[in-house]
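Working through the structure, step by step
Chain by chain, the residues:
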Amino acid sequence: MQDALLKLWHKANLFDPARASLSTWLYRVTRNLYIDHHRNDKGWIEVQAVLEDFEADDTSSTEEEATEQALLAALAQLPEQQARVVHMSYFQAKTQREIAADLRMPLGTVKSHIRRAFDKLRKRLRD
C-alpha cells in the first residue's frame with residue numbers, strides 16, 4: 001500500500017480527469033503495481049502459462065456456443081442506441097461517463113439506455 005501511495009504521489013501530475021475518474025486512475029496504478037510485483041514471482045509465471053494454455057484451448061461446449069449465439073441474437077434485436085452503449089460499455093470497457101462524452105448525451109440517458117437494454121436482454125434470454 002505504501003508503494004502505491006508513493007507512486008501516486010510522484011505521478012500525480014499525470015492524472016487527467018478528462019480520461020478517467022480519480023478512483024479509476026488510483027485503481028489502475030495500484031493494480032499495475034500488484035501485477036508488476038507478482039510477475040517476478042516464479043509461481044506467477046506458472047499460473048500465467050496455465051491461463052494462456054487454457055485460453056488457447058478451444059473446448060467450448062455446444063451449450064456455451066448456444067448461449068453465446070442466443071446472446072448475440074438478443075443484442076442484434078436491441079434498438080441502435082441501446083446496442084451501441086452496451087457495446088461501448090462491455091466490449092470497449094468504457095465508463096458511462098466516457099460513453100456520455102463520446103456520444104454527446106447526458107450521463108442519465110446513457111444509464112437509462114444500459115438499464116433498458118439489460119431488461120430487454122434478460123427477458124429475451126429467459127424466453
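Everything below is about the structure printed above this text.
Before going into details, it helps to say that this report is about the structure given with it. Given the structure is predicted, the values throughout are model-derived calculations rather than measurements.

Should the charged atoms of two oppositely charged side chains come close, the side chains can pair. Across all of its chains, the model carries three salt bridges by this definition. Linking Arg84 and Glu80 is a salt bridge whose minimum nitrogen-to-oxygen distance equals 3.3 Å. Placement of the pair is Arg84 and Glu80 together in helix H5 (residues 80-90), with a separation of four residues, close to one helical turn. Accessibility expressed as a relative area gives 35% for Arg84, which makes it partly exposed. Judged by relative accessible area, which is 59%, Glu80 ranks as exposed. In this structure, Asp102 and Lys94 form a salt bridge, with 2.3 Å as the shortest nitrogen-oxygen distance. Take Asp102: its relative accessible area is 42%, and that puts it in the partly exposed class.

Parameters at a glance
Residues numbered from 1 in each chain as written. Predicted model: local features only at pLDDT ≥ 70, side-chain atom pairs only at ≥ 80, totals over all residues. Heavy atoms only, no water. Salt bridge = Lys/Arg side-chain N within 4 Å of Asp/Glu carboxyl O. Helix = DSSP H or I, 4+ residues; strand = E, 2+ residues; numbered from the N terminus. Buried < 20%, exposed > 50% of the residue type's maximum accessible area, 1.4 Å probe, protein only.

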